[in-house]
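Residues per chain are reported as follows:
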Amino acid sequence: MKRCLTLLVVLSFCARLSAQEIPARWDELVASDFPKALEKSSKTCILPIGILEKHGPHSPIGTDLIHVREWAARAVKSEYAVVFPDYFYGQINEARHQPGTFALPSKVIYDLLEATCDEIARNGFDKIVILNGHGGNPEFLEFFMQSLLNKRHNYAVYLYRPQDDSVYATAYKKMHKSDMATDQHAGESETSVLLYYRPDLMRMDRATDQSGANQKRSLTPDLYTPIWWYSSYPNHYAGEGAKATKEFGKFITDHEIASFIKALQTVKADTKTLQLQNEFYDKVDNLNK
Ligand SMILES: [Zn+2]
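About the criteria used
- The numbering scheme is per chain: residues are counted from 1 as the chain's sequence reads.
- This being a predicted model, a pLDDT of at least 70 is required before a residue's local features are given, and a value of 80 or more before pairs of side-chain atoms are given or counted; all residues contribute to the totals for chains, interfaces and linings.
- For the side-chain quantities, the full set of heavy atoms in the structure was used; hydrogens and water were omitted.
- Salt bridge, as applied in this entry: a Lys or Arg side-chain nitrogen positioned within 4 Å of an Asp or Glu carboxyl oxygen.
- By the criteria applied, helices consist of DSSP H or I runs no shorter than four residues and strands consist of E runs no shorter than two, each listed in order from the N terminus.
- Burial classes follow relative accessibility: with a 1.4 Å probe on protein chains only, a residue under 20% of its type's maximum area counts as buried, one over 50% as exposed, and anything between as partly exposed.
- DSSP bridges decide pairing: two strands pair if at least two such bridges lie between them.
- Classification remark: right-handed applies to a crossover when, strands pointing away from the viewer, the course from the first strand over the helix to the second runs clockwise.
- Angles here are taken between N-to-C directions and fall from 0 to 180 degrees, while the axes themselves are lines fitted to C-alpha atoms, restricted in helices to the stretch in contact.
- For classification purposes, angles smaller than 35 degrees are called roughly parallel, those larger than 145 roughly antiparallel, those between 65 and 115 roughly perpendicular, and all remaining angles oblique.
- By the definition used in this description, the sense in which the near helix is turned from the far one sets the handedness, with an anticlockwise turn below a right angle giving left-handed and a clockwise turn giving right-handed.
- Only heavy atoms matter for contacts: two residues are in contact if any of them lie within 4.5 Å across the pair.
- The patch calculation keeps residues exceeding 30% relative accessible area without a salt bridge and links them within 9 Å when they carry like charges or within 5 Å when they are nonpolar (Val, Leu, Ile, Met, Phe, Trp, Tyr).
- Residue burial considers only the protein chains on display, and all accessible areas are found by Shrake-Rupley using a 1.4 Å probe.

A. Broad picture of the pattern of salt bridges. Counted under the stated rule, the structure contains 16 salt bridges. Arginine 122 is paired through a salt bridge with glutamate 119; the nearest N and O atoms lie 2.6 Å apart. You can see arginine 122 and its partner glutamate 119 sitting in helix H4 (residues 106–122), three residues apart, about one turn around the helix. For glutamate 119, a relative accessible area of 38% gives the class partly exposed.

In structure tokens form, the structure reads like this:
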């Protein structure tokens, strides 16, 4: 009886402790906890960016969104930061011929991203980390980052770009079964990630219904054309999703999460970027004085 009572006391203490923990998701926070979230995150907000596009015949339309949201959610369990709600507005014109694609005009996606960052900052964050999961976004995101220098911003944006890790790359190659060169979109690795995160959404029996092979219809890599991706992969599928496994997905995501936690720690401790950014804006302002 005495042991039961002790257990009860311990359990209620644990329950109270976990009730004090604040959620990482912006939309799950209560407003009165927002100041606490700002402090705990060192004013850092993660903006996971996905997209809505076909992912072969077998993986969900929101594959990239699911991927980055799971990635961020797991990383913030070790290193707290606030996570912005679902964001799936990016560059995806090349999939407009496939059902389910949500492709807004270029000007809208640019303005929306800037307005979103401005609003995140207006709520007190001065560091925004973009975690991108969509292969059609990097050029757009880099252009967006470069353009931030065009006018003064009171916040810094960091685009997460993981560098090569040779130890991981060697182990990855060993586990990889299909052709590495063509494993790009809804292929073995991406399908493995989704098989690990959301097996309930996968339709693996359909993975071979269409070809994910390069159709080699592009003129030459020396000439970039808007139709380059469609020329090679008209099914919006590049690789062999059928070769995916849950184990490979866990291997990839464990590495991704650990690497992102390190980047998050760097951002949270960083004071240099904003300082240099302000120094730059000051010089611009003083140029013609
Ligand atoms: Zn994808």
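There is more to say, and it comes next.
B. Molecular detail of the pairing of strand E1 (residues 44–49). When you tally the buried positions in E1, you get six out of six residues, the bulk of the element. Of the two faces of E1, the one lined by Thr44, Ile46 and Pro48 and the one lined by Cys45, Leu47 and Ile49 are each fully buried. Pairing of E1 with strand E3 (residues 127–132), which is carried by six bridges, proceeds in the parallel orientation. By the bridge assignment for E3, cysteine 45 is matched with isoleucine 128. Note that E1 and strand E2 (residues 82–83) share two bridges and pair parallel. Its bridge partner being in E2, cysteine 45 is matched across the sheet by valine 82. A crossover links E1 with its parallel partner E2, the connecting element being helix H3 (residues 63–75), and its sense is right-handed.

C. Representation of the pairing of E3 in the model. With six of its six residues buried, E3 lies for the most part within the structure. Residues Lys127, Val129 and Leu131 point to one face of E3 and Ile128, Ile130 and Asn132 to the other, with burial holding for every one of them. Two strands pair when backbone bridges link them, and E3 and strand E4 (residues 156–159) are joined in this way by four bridges, in the parallel orientation. Across the sheet, the residue bridging to isoleucine 128 is valine 157, located in E4. Taken together, E3, helix H5 (residues 138–147) and E4 constitute a β-α-β crossover, and its handedness is right-handed.

D. Local environment of the packing of H3 against helix H7 (residues 188–197). Closest axis-to-axis distance for the H3/H7 pair is 10 Å, and the angle between their directions is 60°. Classified by the interaxial angle, the pair formed by H3 and H7 is oblique. As H3 packs across H7, the resulting crossing turns out to be left-handed. Residues Thr63, Asp64, Ile66, His67, Glu70, Trp71 and Arg74 of H3 form the contact with H7, whose participating residues are Glu190, Val193, Leu194, Tyr196 and Tyr197.

E. Representation of a nonpolar patch on the surface. Where nonpolar side chains cluster on the molecular surface, the patch consists of Leu149, Phe280 and Val284 and spans about 260 Å² of accessible area. By the secondary structure assignment, valine 284 is in helix H10 (residues 272–286).

F. Main features of the side chain of serine 231. Of note, serine 231 is situated in helix H8 (residues 228–232). Look past the residues within four positions of serine 231 in its chain and what remains in contact with it is Gln215, Lys216, Arg217 and Ser218.

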